[in-house]
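For reference, the chains in residue letters:
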Amino acid sequence: MTSTPGSGGPTAAPTPRRSELPENRHDGRQDHRPETTPRPRRRFSRAERLVHRTTAALMLLCVATAACLYVPQLAELVGRRYLVVTLHQWSGLLLPAPFLVGLASPSFRADLRRLNRFAPYDREWLRAVRRRDFRPGSRPSGKFNAGQKVYAGWIAGAVLVMLATGLMMWFTGLTPLVWRTSATFVHDWLSLAVGLVLAGHIGMAYADPQARRGMRTGSVERPWAEREHPLWKEEE
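Focus on the environment of Ala158
As for its placement among the helices and strands, Ala158 is situated in helix H7 (residues 146–170). The exposure class assigned to Ala158 is buried, which follows from its relative accessible area of 5%. Taking the C-alpha atoms as reference points, Ala158 and Leu190, 32 residues apart in sequence, are found 7.3 Å from one another. Discounting chain neighbours no more than four positions away, the residues touching Ala158 are Leu190 and Val194.

In structure tokens:
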């Protein structure tokens, strides 16, 4: 068959088979196309998550046993008062232990420094909360916002006060009666405040799936991090 002039050009190239097209290859080779989904950002190390979970378990046990001791209906339902008192005492006494063990982790110590540092933009965050300003960019924050820093400082102080007053109530021979009476008053009312603050903390965590994911898996989505913690990258 005689070829037409010019048929040796590009039109004469053999047509590739369908199985040879990139999208139909089955030999394991893939096109290097740009990723459309950004990679998650690391937020918490395994050590930090273990400290948080252990502290949360001890705190919830302490609050639950306190409720069984002070609410008559729960006390009658549960019974075994001596066991409840023992669990309450030891869970409270062990509460600082996860924190102390976590100090061996560099990532835990780094986050403690962030929580302990109150920057000018944190005051701006608090002012926006007071004004109920929900506009994008009105609440700048680093890895931790001002609310999280205030909560961390408050709960740390409350744990120390609860531990000190609890020891006065436990070891009755260490302090005078007037001290023990005052310690009981402070311990009881502060325990109520701790329970309310913890309920608010759990409620806010429940309303933010990404925050829960960060504490559960250690990573969060980058769009969430850039929206909720825009100064996180600059802070590092």
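Topic: unusual backbone geometry
For Arg80, which is not glycine, the phi dihedral falls at a positive 50°. Within the secondary structure, Arg80 is located in the loop between helix H2 (72–78) and helix H3 (81–93). Taking relative accessible area as the criterion, Arg80 reaches 63% and is therefore assigned exposed. A positive phi is found at Arg132, a non-glycine position, where the angle reads about 55°. Structurally, Arg132 is set in the loop between helix H6 (120–130) and H7. With relative accessibility at 65%, the residue Arg132 sits in the exposed group.

How each quantity is defined
- Residues numbered from 1 in each chain as written.
- Predicted model: local features only at pLDDT ≥ 70, side-chain atom pairs only at ≥ 80, totals over all residues.
- Heavy atoms only, no water.
- Helix = DSSP H or I, 4+ residues; strand = E, 2+ residues; numbered from the N terminus.
- Buried < 20%, exposed > 50% of the residue type's maximum accessible area, 1.4 Å probe, protein only.
- Contact = heavy atoms within 4.5 Å.

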